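If you want the building blocks of each chain, they are given just below.
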Amino acid sequence: MDQLDDILNQDIDPTETREWIDSLDAVIHHDGTERAHFLLEKMVDTTRRSGGYLPFNPTTEYVNTIPPSQEAKCPGDAAMEWRIRSLIRWNAMAMVVRANRKPGELGGHIASFASSATLYDVGFNHFWRAPSADHPGDLILHQGHSSPGIYARSFLEGRLAEDQLDLFRTEVAGHGRALSSYPHPWLMPDYWQVPTVSMGLGPIQAIYQAQFFKYLEHRGLVPKSDRKVWCFMGDGECDEPESLGAISLAGREGLDNLIFVINCNLQRLDGPVRGNGKIIQELEGQFRGAGWNALKVVWGSYWDPLLARDSKGVLHKLMMETVDGEYQACKAFGGAYTREHFFGKYPETREMVANLSDDDIWRLNRGGHDPHKVYAAYHTAVNTKGMPTVILAKTVKGYGMGAAGESQNPTHQQKKLDDGSVRHFRDRFQIPIADDKLHDVPYYHPGKDSPEVQYMLERRRALGGALPQRRRKAEAKLKAPELSAFEQITKGTGEREISTTMALVRGINLLLRDKQLGERVVPIVADEARTFGMEGMFRQIGIYAPFGQKYKPQDSDQLLYYREDQKGQVLQQGISEAGGMASWMAAATSYSVSNQAMLPFFIYYSMFGFQRVGDLCWAAGDMRSRGFLVGGTSGRTTLNGEGLQHEDGHSHLMAGAVPNVKSYDPTFSYEVAVILQDGVRSMLQEQEDHYYYVTVMNENYPHPDMPKGCEEGVIKGMYLFKDGGKPKKGEPRVQLLGSGTILREVIAAAELLEKDFGVKADIWSCPSFIELRRDGFDAERWNRLHPEAEQRVPYITGLLEGRSGPAIAATDYVREYADQIRAFLPDGMRYTVLGTDGFGRSDTRAHLRDFFEVDRYWIAHAALAALAKDGKMNAKDVSRAIKEYKLDQDKPNPLTV
């Protein structure tokens with residue numbers, strides 16, 4: 001490519017080149033840039049048709065995309081907005097510094113907001129609409145490390161009190177009034193909307209939120225509007241796969257309601273983002289290639305006269321040649337350094353700044369700190385049609401911090417400033433605080449009636465109200481269907497065999513037919529609807545496609561053909577679990593973001609769920625998502641042909657770590673029905689802030705009728721499936737527990753025990769060991785704290801109290817899953833847990849269950865061994881079981897092979 005560039009850059013006829021350029025200038029002058037662009041495209045097309053190779057260059061010159069002559073003029077009071085911005089900067093800095101002068105090392109970040117203050121200020125003053133009667137409101141995803149600046153603005157607006165600023169990062173001591181480190185809706189449910197500080201999660205969420213806005217509009221659930229999703233992120237954050245992983249979706253679907261603002265301060269947490277390259281150029285190429293409108297805001301207004309005098313293009317050339325590591329050094333070392341090491345590289349550029357002092361050179365500002373340039377970019381972005389926009393704003397990390405951290409590698413970790421640095425900050429931003437007060441770094445508020453505060457409030461009134469703000473509940477009152485509405489799956493199947501996956505899909509179809517809730521159901525798949533038996537929905541409700549279906553599908557002559565529709569209800573997100581999860585989160589928070597309560601189901605391979613997108617699952621809990629995550633083809637022995645990478649034995653442990661996830665592993669279709677109905681009641685009718693994780697399997701077997709009165713036990717996690725009968729005196733008895741498809745092995749083991757050894761068993765279905773554990777520890781905690789009160793009995797303890805014999809649990813998951821309830825078994829009851837510890841592999845279900853030692857024979861053997869330890873059987877009985885059931889005593893532990 002370098003050789004080709006050299007050839008293309010050789011001008012064999014400069015005069016002819018000049019004539020072509022003059023002609024193009026004339027077209028621009030008389031007919032505008034769009035006409036010039038049209039002609040150039042025609043010329044390129046003609047050249048390519050003639051066989052000429054024209055390589056595509058996805059980047060433009062290292063200057064602002066919008067020339068000064070085409071910049072929209074900001075209508076605000078520039079001096080007043082600078083004053084407000086300075087006060088916000090000061091209070092944001094003071095909040096972090098004051099917190100870190102206390103004992104305890106609370107931490108905090110100054111530099112990120114210092115670099116992005118102008119980017120936020122222009123948005124708050126002129127662009128971001130709050131939800132109101134006239135507008136649904138824009139969604140702003142704030143860069144996590146900039147939260148102090150957002151708090152500082154709310155303080156000036158009177159939304160936060162001064163004592164709350166001193167509760168920054170002290171959420172325990174703050175008793176509900178403290179300010180969280182970063183945007184956390186769980187901790188500040190009326191303020192923050194989207195958790196973003198786990199870097200990369202903000203951008204992918206923003207893309208799918210924007211898509212879901214369009215989805216709601218196209219389906220007629222909300223009126224069309226010009227609302228936008230604004231996502232703020234850092235240039236270093238773009239290295240996260242999630243940051244750029246879905247940008248092609250936004251370009252492909254023309255999401256013109258989406259705006260990324262990337263704060264390009266050229267530094268990540270430890271040093272330069274691209275010290276030897278140019279991150280703005282790199283990102284411009286990536287976004288333009290993905291179909292985005294890319295706007296570069298590189299240079300501030302002080303550069304305009306110099307660029308206007310650059311008739312030979314030498315300054316442009318210098319700007320392109322200089323790498324980011326050099327730009328960082330120029331800002332860190334000041335004007336004299338910049339004169340020598342930047343402008344001094346060429347005589348022409350040295351001459352350009354000959355009449356400027358070193359201070360003047362140092363004040364040559366970057367575009368992201370110039371409100372006029374930022375306003376022009378925002379104005380262009382909100383008026384761009386047919387494509388998303390990314391704004392690449394060049395800034396200085398630690399702007400205003402001076403020698404304490406401006407453009408220095410350790411700046412991100414800077415949280416303490418000495419008195420000299422505080423004085424420098426005060427003087428630079430003209431904060432009226434006396435020298436003798438500086439050591440305390442006091443907050444400054446000009447008064448609620450001051451011109452600054454009144455200006456801020458007037459601007460927010462014009463834009464609909466205060467931001468950030470969050471809606472806790474949707475206005476619509478919805479009623480969940482009764483359990484009787486799920487009769488199709490609460491009744492047994494007789495001899496007909498189905499899977500729990502099929503039962504779930506039938507349950508979703510029943511919800512789709514509900515007159516009130518049907519339109520609110522959002523089925524989401526990555527790209528395996530047929531795997532989960534959902535292809536019937538293609539024709540029934542259609543696959544969402546923003547531009548409709550422009551082709552005749554190959555299977556159009558079949559009953560279940562592939563149908564795409566602009567009003568389609570299924571969201572098929574391609575082979576991307578992260579995309580499917582982000583899409584689900586958009587639907588699961590629609591009650592808050594769009595005042596439209598939805599019921600999303602994201603169905604995926606369980607192995608690729610919490611394991612692959614666990615960070616998003618955690619964020620979903622934080623942002624109070626409501627909906628169903630469905631781990632399909634679950635279990636380590638049930639998905640028999642797929643092997644190690646697909647077979648799940650631990651997703652329930654991960655689900656159980658998220659505090660507001662209700663996790664279930666049902667065996668029978670009626671359990672699926674009970675869980676579905678409870679979830680709809682809880683999340684839509686009662687609007688409770690949790691979500692459900694349900695694992696379903698692809699193994700077919702007959703399903704019994706729903707036992708009377710089991711509903712409470714299903715939801716609480718355990719109920720008696722079969723009573724072994726009244727025990728006779730001295731008769732050996734065991735308690736057998738199971739979930740998912742392995743419960744069927746438990747049932748079979750009970751038959752073996754009675755037939756071969758005369759041992760009776762009580763059989764317990766345990767759809768949720770997670771819920772049992774939580775209930776148990778909640779009771780245990782209450783009892784410790786209330787030693788003189790009547791002691792609470794954990795639910796599982798109450799069920800097993802008075803039952804004789806040891807307890808044996810077996811599931812298709814690792815032992816830790818069922819072992820979580822050990823502490824809550826009645827005193828003296830022995831507990832043995834079988835599970836699928838180890839890597840999965842491919843084989844038949846029978847072989848896999850034997851390999852992992854969770855089939856009926858291993859369960860029966862474990863029961864006999866436990867009875868022997870309790871003195872109810874003898875060792876010979878255990879040995880007989882090993883021989884009769886052909887158990888390999890010397891096989892390796894499946895954990896190790």
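Values in this document were obtained by computation on a predicted structure and should not be read as measured data.

### Observations regarding the pattern of salt bridges
Here comes step 1: The final tally for this structure, using the stated rule, is 56 salt bridges.
Here comes step 2: The residue Asp-166 makes a salt bridge to Arg-98 at a minimum N-O spacing of 2.8 Å. Of this pair, Asp-166 sits in the loop between α7 (162–165) and α8 (201–218) while Arg-98 sits in helix α4 (residues 78–99), and the two are 68 residues apart along the sequence.
Here comes step 3: In this structure Arg-98 comes out as partly exposed when scored by relative accessible area, which is 22%.
Here comes step 4: The salt bridge involving Glu-487 is made with Lys-491; its shortest N-O contact spans 3.8 Å.
Here comes step 5: Through salt bridges with shared partners, a single network forms among Glu-699, Arg-744, Glu-745, Arg-845, Arg-849 and Arg-856.

### Brief notes about the side chain of Arg-459
Here comes step 1: Looking at the secondary structure, you find Arg-459 in helix α20 (residues 451–462).
Here comes step 2: The exposure class assigned to Arg-459 is buried, which follows from its relative accessible area of 16%.
Here comes step 3: Setting aside residues no more than four positions away along its own chain, Arg-459 makes contact with Asn-125 and His-126.

### A word on the packing of aromatic side chains
For any pair of aromatic rings, geometry is given as the distance between the ring centres together with the angle between the planes.
Here comes step 1: Counted according to the given criterion, the structure contains 51 aromatic pairs.
Here comes step 2: Measuring from centroid to centroid gives 6.1 Å for Phe-155 and Tyr-443, while their planes differ by 55°, and the two rings are tilted. On the criterion of sequence distance, the pair formed by Phe-155 in helix α6 (residues 147–156) and Tyr-443 in the loop between α19 (419–429) and α20 is long-range, its members being 288 residues apart. For the pair Phe-155 and Tyr-443, a shared accessibility class is recorded, and that class is buried.
Here comes step 3: Each ring, one from Phe-287 and one from Trp-292, has its centre 4.8 Å from the other, and the planes form 75°; the classification is edge-to-face. The same class applies to Phe-287 and to Trp-292, which are both buried.
Here comes step 4: Within the aromatic cluster, the residues linked to one another by ring pairs are Phe-113, Tyr-120, Phe-124, Phe-127, Trp-128, Trp-230, Phe-232, Tyr-375 and Tyr-378.

### Concerning the pairing of strand β17 (residues 807–810)
Here comes step 1: Across the two faces of β17 the burial is the same, with Ala-807 and Ala-809 and Ile-808 and Ala-810 all buried.
Here comes step 2: Two elements, strand β15 (residues 733–738) and β17, share four bridges in a ladder whose sense is parallel. In the sheet register, Gly-738 faces β17, and the bridge partner there is Ala-810.
Here comes step 3: One ladder, built from four bridges, connects β17 with strand β18 (residues 831–834); its direction is parallel. Opposite Ala-809, over in β18, you have Val-833 as the bridge partner.

### Structural notes on helix α36 (residues 875–884)
Here comes step 1: The set of residues buried in α36 consists of Asp-877, Val-878, Ala-881 and Ile-882. For α36, the angular spread of buried residues about the axis comes to 145°, placing them on one side. Facing away from the buried side of α36 by more than 90 degrees, the exposed set consists of Ala-875, Lys-876 and Lys-883.
Here comes step 2: Where α36 is buried, its residues contact α30 (742–757) and α35 (856–869).
Here comes step 3: Here α36 starts with a cap whose side-chain oxygen sits 3.0 Å from the backbone nitrogen of Lys-876, and that cap is Asn-874.
Here comes step 4: Where α36 ends, the next residue or the one after it, Lys-886, has phi of about 55°, a positive value.

### Focus on a negative patch on the surface
Here comes step 1: A surface patch of negative charge is lined by Asp-11, Asp-13, Glu-16 and Glu-19.
Here comes step 2: For Glu-16, the location among the structural elements is in helix α2 (residues 14–31).

### Some words on the packing of α4 against α19
Here comes step 1: Viewed as axis vectors pointing N to C, α4 and α19 meet at an angle of 165°, and their least axial separation amounts to 10 Å. Regarding the angle of α4 to α19, the classification is roughly antiparallel. Of the two possible hands of crossing, α4 and α19 adopt the one that is left-handed. Mapping the contact onto sequence places Trp-82, Arg-83, Ser-86, Arg-89, Trp-90 and Met-93 in α4 and Val-422, Phe-425, Arg-426, Arg-428 and Phe-429 in α19.
Here comes step 2: Along the lines of polarity and charge, the residues of the contact of α4 with α19 split into six nonpolar, one polar and four charged.

### Brief notes about α19
Here comes step 1: Along α19, the residues classified as buried are Ser-421, Val-422, Phe-425, Arg-426 and Phe-429. All buried residues of α19 fall inside an arc of 140° around its axis, so they share one side.
Here comes step 2: Residues of α19 that are buried make contact with α4.

### Examining the confidence of the model for the chain
Here comes step 1: When pLDDT is averaged across the chain, the result is 94; 97% of the residues are at 70 or more.
Here comes step 2: In this model, residues 1–8 is a region of pLDDT below 50 whose contacts with residues beyond four sequence positions or in other chains number four contacts.

### Details of the sheet that holds strand β3 (residues 258–264)
Here comes step 1: Strand order across the open sheet formed by five strands is β1-β2-β3-β5-β4, with parallel pairing between neighbours. Whereas interior strands pair on both sides, the edge strands pair on one side only; in this sheet they are β1 (139–141) and β4 (293–297). The average angle at which neighbouring strand axes cross in this sheet is 15°, direction not considered.
Here comes step 2: Pairing geometry for β3 and strand β5 (residues 389–394), over six bridges, is parallel. Residue pairing for β5: Phe-260 is matched across the bridge by Val-390.
Here comes step 3: Contacts from helix α5 (residues 111–126) reach β2 (229–234), β3 and β5 within the one sheet, and its direction differs from that of β3 by about 140°.

The rules behind each value
Residues numbered from 1 in each chain as written. Predicted model: local features only at pLDDT ≥ 70, side-chain atom pairs only at ≥ 80, totals over all residues. Heavy atoms only, no water. Salt bridge = Lys/Arg side-chain N within 4 Å of Asp/Glu carboxyl O. Helix = DSSP H or I, 4+ residues; strand = E, 2+ residues; numbered from the N terminus. Buried < 20%, exposed > 50% of the residue type's maximum accessible area, 1.4 Å probe, protein only. Contact = heavy atoms within 4.5 Å. Phe/Tyr/Trp six-rings, centres within 6.5 Å; stacked < 30°, edge-to-face > 60°. Pairing = 2+ DSSP bridges. Arc of directions from axis to C-beta. Polar contact = N/O pair within 3.5 Å; in protein donor to acceptor, adjacent residues only side chain to side chain. Patch = residues over 30% accessible without salt bridge, like charges linked within 9 Å, V, L, I, M, F, W, Y side chains within 5 Å. Areas by Shrake-Rupley, 256 points an atom, 1.4 Å probe, with all protein chains shown as cover. Lys, Arg positive; Asp, Glu negative; His and termini not counted. Charge placed at Lys NZ, Arg CZ, Asp CG, Glu CD. Axes fitted to C-alpha atoms, helices over the stretch in contact; angles between N-to-C directions. Parallel < 35°, antiparallel > 145°, perpendicular 65-115°, else oblique. Left-handed = near helix turned anticlockwise from the far one by under 90°. Nonpolar A, V, L, I, M, F, W, Y, C, P; charged D, E, K, R; others polar. pLDDT = per-residue confidence, 0-100.

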